[in-house]
Protein chains: 4
Amino acid sequence: MKALVFHGPGEKAWESADDPAIQDPTDVIVKVDTTTICGTDLHILKGDVPAVTDGRILGHEAVGTVVETGSAVSTLHEGDRVLVPAITSCGRCSYCKLGIPAHCEAVGGIGWIFGHLIDGVQAEFARVPFAETSVHAVPEGVSDEQVLFLADILPTGYEIGVQNGRVKPGDSVAVVGAGPVGLAAIMTAALAGAGRIIAIDLAPSRLRHAKDFGATHAIESGDDVERQVMELTDGMGANVAMEAVGIPATFDLCTRLVRAGGTVANIGVHGASTTLHLEELWIKNVTITTGLVSGTTVPTLLQLVRDGRLAAEKLGTHHFGLGEIMQAYEVFSAADANDALKVVLKA
Amino acid sequence: MKALVFHGPGEKAWESADDPAIQDPTDVIVKVDTTTICGTDLHILKGDVPAVTDGRILGHEAVGTVVETGSAVSTLHEGDRVLVPAITSCGRCSYCKLGIPAHCEAVGGIGWIFGHLIDGVQAEFARVPFAETSVHAVPEGVSDEQVLFLADILPTGYEIGVQNGRVKPGDSVAVVGAGPVGLAAIMTAALAGAGRIIAIDLAPSRLRHAKDFGATHAIESGDDVERQVMELTDGMGANVAMEAVGIPATFDLCTRLVRAGGTVANIGVHGASTTLHLEELWIKNVTITTGLVSGTTVPTLLQLVRDGRLAAEKLGTHHFGLGEIMQAYEVFSAADANDALKVVLKA
Amino acid sequence: MKALVFHGPGEKAWESADDPAIQDPTDVIVKVDTTTICGTDLHILKGDVPAVTDGRILGHEAVGTVVETGSAVSTLHEGDRVLVPAITSCGRCSYCKLGIPAHCEAVGGIGWIFGHLIDGVQAEFARVPFAETSVHAVPEGVSDEQVLFLADILPTGYEIGVQNGRVKPGDSVAVVGAGPVGLAAIMTAALAGAGRIIAIDLAPSRLRHAKDFGATHAIESGDDVERQVMELTDGMGANVAMEAVGIPATFDLCTRLVRAGGTVANIGVHGASTTLHLEELWIKNVTITTGLVSGTTVPTLLQLVRDGRLAAEKLGTHHFGLGEIMQAYEVFSAADANDALKVVLKA
Amino acid sequence: MKALVFHGPGEKAWESADDPAIQDPTDVIVKVDTTTICGTDLHILKGDVPAVTDGRILGHEAVGTVVETGSAVSTLHEGDRVLVPAITSCGRCSYCKLGIPAHCEAVGGIGWIFGHLIDGVQAEFARVPFAETSVHAVPEGVSDEQVLFLADILPTGYEIGVQNGRVKPGDSVAVVGAGPVGLAAIMTAALAGAGRIIAIDLAPSRLRHAKDFGATHAIESGDDVERQVMELTDGMGANVAMEAVGIPATFDLCTRLVRAGGTVANIGVHGASTTLHLEELWIKNVTITTGLVSGTTVPTLLQLVRDGRLAAEKLGTHHFGLGEIMQAYEVFSAADANDALKVVLKA
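Keep in mind it's a predicted model, so treat the numbers as computed, not measured.

A. Just the overall build of chain A, in detail. Of the regular secondary structure elements, chain A holds twelve helices and 16 strands. Principal-axis analysis of the C-alpha atoms places the extent of chain A at approximately 60 × 40 × 40 Å. Taken over 347 residues, chain A has a buried fraction of 63%. Residue pairs at least 24 apart in sequence account for 70% of intrachain contacts in chain A once pairs closer than 6 positions are excluded.

B. Looking closely at the packing of helix α5 (residues 153-163) of chain B against helix α6 (residues 180-191) of chain B. Residue and element names in this part refer to chain B. In contact at an axis separation of 8 Å, α5 and α6 are set at 65° when each is read in the N-to-C sense. Viewed along their axes, α5 and α6 adopt a mutual orientation that is roughly perpendicular. The element α5 and its partner α6 pack so that their crossing is right-handed. When α5 is examined against α6, the residues Ile153, Leu154, Thr156, Gly157, Tyr158 and Val162 are found in contact with a partner set consisting of Pro180, Val181, Ala184, Ala185, Met187, Thr188 and Ala189. In the contact of α5 with α6, the residues fall into ten nonpolar, three polar and no charged.

C. Unusual backbone geometry, seen in detail. Of note, the phi angle at Phe130 of chain A is positive, near 45°, even though the residue is not glycine. Relative accessible area serves as the criterion here: at 15%, Phe130 of chain A is assigned to the buried category. If you check the backbone angles, Asn285 of chain B has positive phi at about 50° while not being a glycine. We classify Asn285 of chain B as buried; its relative accessible area is 13%.

D. Quick peek at the relation of the copies chain D and chain C. Take chain D, turn it by 180°, move it 0.0 Å along the axis, and it overlays chain C with an RMSD of 0.0 Å. Here the two chains are linked by the operation of a two-fold rotation axis. Most of the interface of chain D is mirrored in chain C, where 100% of its interface residues are also at the interface.

E. Here's a closer look at the packing of aromatic side chains. Within the structure shown, the criterion is met by zero aromatic pairs over all chains. Sitting over the ring of Phe213 of chain A, Lys314 of chain A keeps its end group 4.9 Å from the ring centre.

F. Spatial organisation of the sheet that holds strand β9 (residues 196-201) of chain B. Taken together, twelve strands build an open sheet; the order of strands is β10(A)-β9(A)-β8(A)-β11(A)-β12(A)-β14(A)-β14(B)-β12(B)-β11(B)-β8(B)-β9(B)-β10(B) and the sheet is mixed. Each having just a single partner strand, β10 (217-220) of chain A together with β10 (217-220) of chain B make up the two edges of the open sheet. This sheet shows a mean twist of 15° between the axes of neighbouring strands, independent of strand direction. Helix α9 (residues 248-257) of chain A contacts β8 (172-176), β9 (196-201), β11 (238-243), β12 (258-266) and β14 (287-289) of chain A of the sheet and is inclined by roughly 155° relative to β12 of chain A. Docked against the sheet, α5 of chain B engages β11 (238-243), β12 (258-266) and β14 (287-289) of chain B, running at close to 155° with respect to β12 of chain B.

G. Molecular detail of the interface of chain D and chain C. Across the contact, 38 residues belong to chain D and 38 residues belong to chain C. The junction of chain D with chain C conceals about 3,100 Å² of combined surface from both sides, 64% of it contributed by carbon and sulfur atoms. The largest contributions to the chain D side of the interface with chain C come from Leu278, Trp282 and Thr290 of chain D, which together make up 21% of the buried area. Counting the contacts that link chain D with chain C gives zero salt bridges.

H. View of the pairing of strand β3 (residues 28-35) of chain D. All names here are of chain D. By the criterion of burial, β3 is predominantly enclosed, with seven of the eight residues buried. Bridge count for β3 against strand β4 (residues 62-69) is seven bridges, and the pairing is antiparallel. When the bridges of β4 are listed, Thr34 appears paired with Val63. Sheet topology note: the β3/strand β6 (residues 125-128) ladder contains four bridges and is antiparallel. From the neighbouring strand, Ile29 faces β6, where its bridge partner is Arg127. For β3 and strand β16 (residues 342-346), the ladder comprises two bridges, and the chain directions are antiparallel. Counted as the bridge partner of Thr35 is Leu345 from β16.

I. Structural detail: the interface of chain A and chain C. Listed per partner, the contact involves 17 residues of chain A and 17 residues of chain C. Here chain A and chain C share an interface that buries about 1,500 Å² over both sides, 40% of which is from carbon and sulfur atoms. Contact with chain C buries surface across chain A, with Pro169, Arg196 and Arg309 of chain A losing the most and accounting together for 31% of the total. The tally of links from chain A across to chain C stands at four salt bridges. In this structure, the salt-bridge partner of Arg306 of chain A is Asp234 of chain C, at a minimum N-O distance of 3.4 Å. At the junction of chain A and chain C, the tally comes to twelve residue pairs in polar contact (both at pLDDT 80 or more). Of all elements in the fold, only α6 (180-191) and α11 (298-306) of chain A reach the threshold of two or more residues within the side of chain A that touches chain C.

The rules behind these values
Residues numbered from 1 in each chain as written. Chains lettered and ligands numbered in written order. Predicted model: local features only at pLDDT ≥ 70, side-chain atom pairs only at ≥ 80, totals over all residues. Heavy atoms only, no water. Helix = DSSP H or I, 4+ residues; strand = E, 2+ residues; numbered from the N terminus. Buried < 20%, exposed > 50% of the residue type's maximum accessible area, 1.4 Å probe, protein only. Contact = heavy atoms within 4.5 Å. Axes fitted to C-alpha atoms, helices over the stretch in contact; angles between N-to-C directions. Parallel < 35°, antiparallel > 145°, perpendicular 65-115°, else oblique. Left-handed = near helix turned anticlockwise from the far one by under 90°. Nonpolar A, V, L, I, M, F, W, Y, C, P; charged D, E, K, R; others polar. Least-squares fit on C-alpha atoms with pLDDT ≥ 70 in both. Phe/Tyr/Trp six-rings, centres within 6.5 Å; stacked < 30°, edge-to-face > 60°. Lys NZ or Arg CZ within 6 Å of the ring centre and 35° of its normal. Pairing = 2+ DSSP bridges. Buried area = accessible area lost by both parts, 1.4 Å probe. Salt bridge = Lys/Arg side-chain N within 4 Å of Asp/Glu carboxyl O. Polar contact = N/O pair within 3.5 Å; in protein donor to acceptor, adjacent residues only side chain to side chain.

The following block contains the structure:
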């Protein structure tokens with residue numbers, strides 16, 4: 001088969017690779033119908049994720065068709081159309097039983113293994129371990145593209161932003177960073193009934209997208225953000241401030257935008273430590289949350305897509321054939337210049 | 001009357017002061033029967049709390065008797081025995097209605113005003129604003145000393161440590177710092193059914209107290225704390241790590257002691273910022289909480305004392321007459337040398 | 001002044017009555033600008049609520065203007081525009097402190113006293129006890145009619161239906177009874193992100209309203225309701241079934257429509273006991289909730305109205321002058337014949 | 001092997017049966033080391049559970065040793081000592097993923113299948129389906145008898161009584177019925193910090209046990225229960241009333257013992273419907289819960305046993321060899337006459 005293979009920092013190729021085969025009784029093999037590229041893939045290509053070694057097939061988000069099943073698999077069958085999510089879940093370790101497969105112990109303590117510790121799904125075929133406890137049937141009448149982003153980015157915005165932030169109807173929510181994951185948080189915060197959703201970003205183009213995804217207000221970062229947020233929240237600050245950038249300055253901003261009793265939900269992937277102003281925050285009754293997505297909300301999100309309540313496909317702005325993946329990487333690597341959110345790759 | 005009056009950094013005196021008088025219809029005047037000294041009072045005396053000005057009567061924890069009531073007060077009467085808690089609550093601002101009187105807007109956004117923004121309770125009499133929504137009737141058959149520490153330190157340990165930490169039966173809890181507030185957290189974590197309560201402190205004498213208050217394990221800080229906590233928690237880390245010291249090193253330690261899915265509950269009063277290792281924590285699914293006590297659990301704690309479930313009086317190790325308060329301050333200022341936890345001052 | 005006075009079962013009149021006066025320091029007097037009629041008022045007129053005695057002014061929902069304040073009132077002033085809700089809250093009893101003023105002990109254990117135990121708001125003026133802890137400022141730029149139904153019916157649907165039912169994004173919700181309170185539940189369930197909202201009623205006209213308020217599906221009661229709901233919920237049943245009629249048959253239906261792990265939220269006012277099929281339900285892992293509204297969500301609902309997220313005024317289908325209240329009662333008493341939901345009475 | 005085989009109502013025998021064999025790749029075979037008898041087994045013998053047919057081996061609670069593993073089993077090995085709980089969980093159906101294996105769809109919608117739909121564990125050996133997602137490793141240093149009752153009755157009391165009832169520290173809890181499951185609820189309510197635990201039963205001997213398991217007060221049913229409970233709860237009623245009998249009268253009593261804002265947690269197995277006084281309860285803001293145990297708390301309960309916080313073995317009052325099971329049934333069938341709680345059968 002053909003696959004997108006990592007060959008060390010800066011190096012990748014769409015090349016021939018061995019077809020995957022069943023290794024464990026709980027595996028299935030999936031033909032990849034539709035996949036996408038994640039910001040994490042770009043980090044890997046920069047060499048930021050040393051666990052990814054030369055020869056690894058990248059990619060951790062796909063919609064596919066089951067073509068082979070392991071001997072212990074009884075609820076998935078050849079021809080089943082499934083969403084393969086970013087997180088693998090064994091279903092039996094203590095973290096899986098607690099509903100936190102993000103830290104599944106059976107796959108090493110971090111549930112993200114596709115395109116990381118095992119070969120991924122930017123390929124014609126992929127082996128999916130612990131398939132019955134990991135993949136989701138795609139509802140009838142729903143297209144690949146409508147559910148593709150439920151593999152990672154939508155549940156990330158929803159679980160790590162909205163659920164961790166305990167967004168309730170009427171809440172004012174400030175989302176710092178209106179890139180794809182920020183937009184996913186905005187979209188699902190709106191669904192959860194947030195009253196005011198304030199998007200904050202440097203780029204006017206991203207703020208336009210933010211409004212389209214449900215933001216009620218947009219603030220350019222250059223402006224006096226803190227004052228504006230206070231004005232929009234009766235002087236109290238946001239109930240929930242979400243960090244969706246991944247740098248110290250935006251995290252710190254969130255701790256100033258949140259009201260007493262509120263929550264800072266960190267969604268961003270951070271490469272550096274930050275200064276936490278405990279000398280101000282100790283008295284403020286705030287909650288700060290972090291986390292990798294677990295994907296436990298994917299069944300719910302699938303139903304919301306089926307019911308027309310979540311237009312997840314709006315994140316897919318650029319479309320390619322799977323064989324054009326090198327070009328798709330180029331476009332996605334310069335997302336802002338191309339006004340791209342996410343790319344869609346169809347076999 | 002006599003009162004303990006602050007006269008600028010390092011200066012205080014037990015001296016004559018004007019008797020307090022009703023100012024607002026919702027006030028009552030209380031004769032102070034029993035009071036104590038808080039670590040915060042020592043901070044004030046060091047000059048760390050500039051809002052406290054020369055002439056202010058200190059103290060924010062008391063058991064007393066109502067001697068006069070404002071014209072709007074209908075549920076408190078002369079002779080009623082009441083617990084005057086650290087936090088004043090108007091009962092009608094948005095924070096009070098949300099159950100967070102720690103940030104009562106009617107008294108300026110921070111509910112702690114006694115001995116801070118208005119005269120306190122280290123005195124023979126005190127004016128208590130918003131009395132009906134702030135004070136608590138002392139149950140019959142319970143002594144002053146049994147409930148005195150419910151004015152501040154017990155609910156702080158319980159609300160900011162145990163409740164914010166969402167301690168559940170069977171949880172492993174690490175408490176860093178076994179001073180009075182750490183002991184209050186230990187005592188109430190045990191009440192809430194924590195399985196293993198691991199106290200961590202520099203001082204062996206404090207660790208002895210910790211065991212007496214319910215800690216199941218004690219670790220001296222000099223030791224390899226992180227490794228020991230991992231061993232005691234099946235290699236996972238604590239469900240809840242509580243910071244009860246107030247310095248960067250102990251806060252950082254807590255972020256390393258907590259497991260994925262767990263909570264760091266900050267109880268300590270911090271005077272400096274800290275480094276937050278988001279480059280490790282972003283993926284760890286942790287929750288960090290901070291806060292000033294609200295006192296919403298005081299009615300529950302009073303019942304637990306009445307029912308013999310909470311021996312709160314154990315925190316009172318040294319006893320004085322109210323007129324001996326200067327001496328009590330000396331003992332409490334050198335608490336470790338005196339093996340003192342809290343002092344009790346009786347009129 | 002003029003007021004709508006109850007004179008025993010079947011008897012009422014719009015007649016002269018004494019102007020109300022301040023009785024307690026926490027009272028205010030309000031000029032009634034806009035009011036409405038509740039189904040409960042019709043029950044009173046039928047003689048179903050014996051606590052309401054001859055001479056009582058009816059009504060418990062109003063928007064008005066403060067014209068006089070008691071001596072202890074410091075945060076409300078003459079000229080303030082306020083929402084007077086159905087529930088009076090003292091702010092200091094144990095139920096108010098727990099956030100359940102529905103059972104405020106200061107007013108006798110049931111927070112609904114207007115037009116019940118004291119004179120109500122279907123009048124030109126009204127005395128409002130415990131005003132500062134009970135009334136809500138109306139946001140600028142919002143009309144009386146937009147907030148009027150936040151006095152009772154909207155928070156009833158939201159608190160007793162949606163919050164008690166723990167409606168989460170994606171949930172399937174069955175609402176049995178599409179009268180005004182059922183519509184309030186439907187509207188707020190949609191706001192909270194419910195995936196499928198299935199309205200069930202005998203009357204096609206009510207089902208039309210239901211769709212307009214956010215129901216995604218409508219079922220006529222004559223049909224095979226249970227089978228249809230199962231089909232719409234993947235054979236599992238609804239996550240939440242809300243009873244909004246108040247008779248045994250519809251309550252029983254709800255217990256059959258709910259899935260294992262789900263909630264039956266009773267909103268209806270019941271005059272008779274029902275049979276609970278514990279022989280089937282004991283094993284089903286269901287939760288059943290009941291309750292009178294507390295109004296704790298009114299501040300949130302007010303913000304949602306201000307932000308254009310809740311078109312509460314849609315409940316007001318028929319408009320009258322306050323002096324036309326006798327005619328308004330006639331229309332509301334025959335609501336279905338008049339295709340009326342709620343009436344609006346403006347001074 | 002030998003096993004206890006059901007032969008229709010009233011008929012059972014300890015007789016030879018085929019040794020169990022692996023059927024599915026996820027099965028294991030367990031040698032039964034210790035087992036017990038459940039009240040449900042007595043119901044089966046009375047003919048109350050028609051799904052149990054002639055030839056079925058009874059029993060659904062055991063501690064055993066793995067002797068053979070299916071081809072897909074990788075985390076259990078020959079010689080592992082495991083707790084086999086009452087509930088089988090596939091780990092991948094929607095109910096298992098939601099944490100409600102009580103309704104596991106893979107085994108027919110009710111997770112209790114041992115000694116019901118498949119052969120049970122009152123035998124020398126047993127086949128355990130979905131083993132990796134169902135059984136629990138027994139911690140080192142803990143005896144069979146210490147954990148045996150974690151197979152069913154302890155988690156039933158804890159999940160269906162204490163967790164469903166949302167028991168918090170300081171709560172007053174009324175437990176109606178002090179048989180084994182009531183005692184399990186009492187024991188775990190005490191662990192969770194309940195303030196007053198009021199046991200109510202007809203039998204003085206059971207009330208003695210209740211006090212030994214943590215009840216703070218005991219009331220004989222013949223007395224004026226409601227008045228006494230009100231006196232013990234400041235006139236408000238219990239925060240949580242647990243039904244642990246399974247008849248209409250005790251369920252109804254619970255709805256009268258609970259305060260506004262509180263919860264009735266039904267634990268009892270009911271064979272008949274009951275009258276629900278909605279005409280009184282609709283306004284009372286109560287929650288009623290029902291349910292079959294899921295066993296999701298067993299890992300926590302195992303740790304509490306290991307840590308000496310839960311003396312679960314106290315439920316085992318009478319001891320037999322496995323071969324004496326017919327005699328054990330006799331004793332357990334006349335539990336009250338024998339002052340028996342649960343029997344322990346050791347191979």
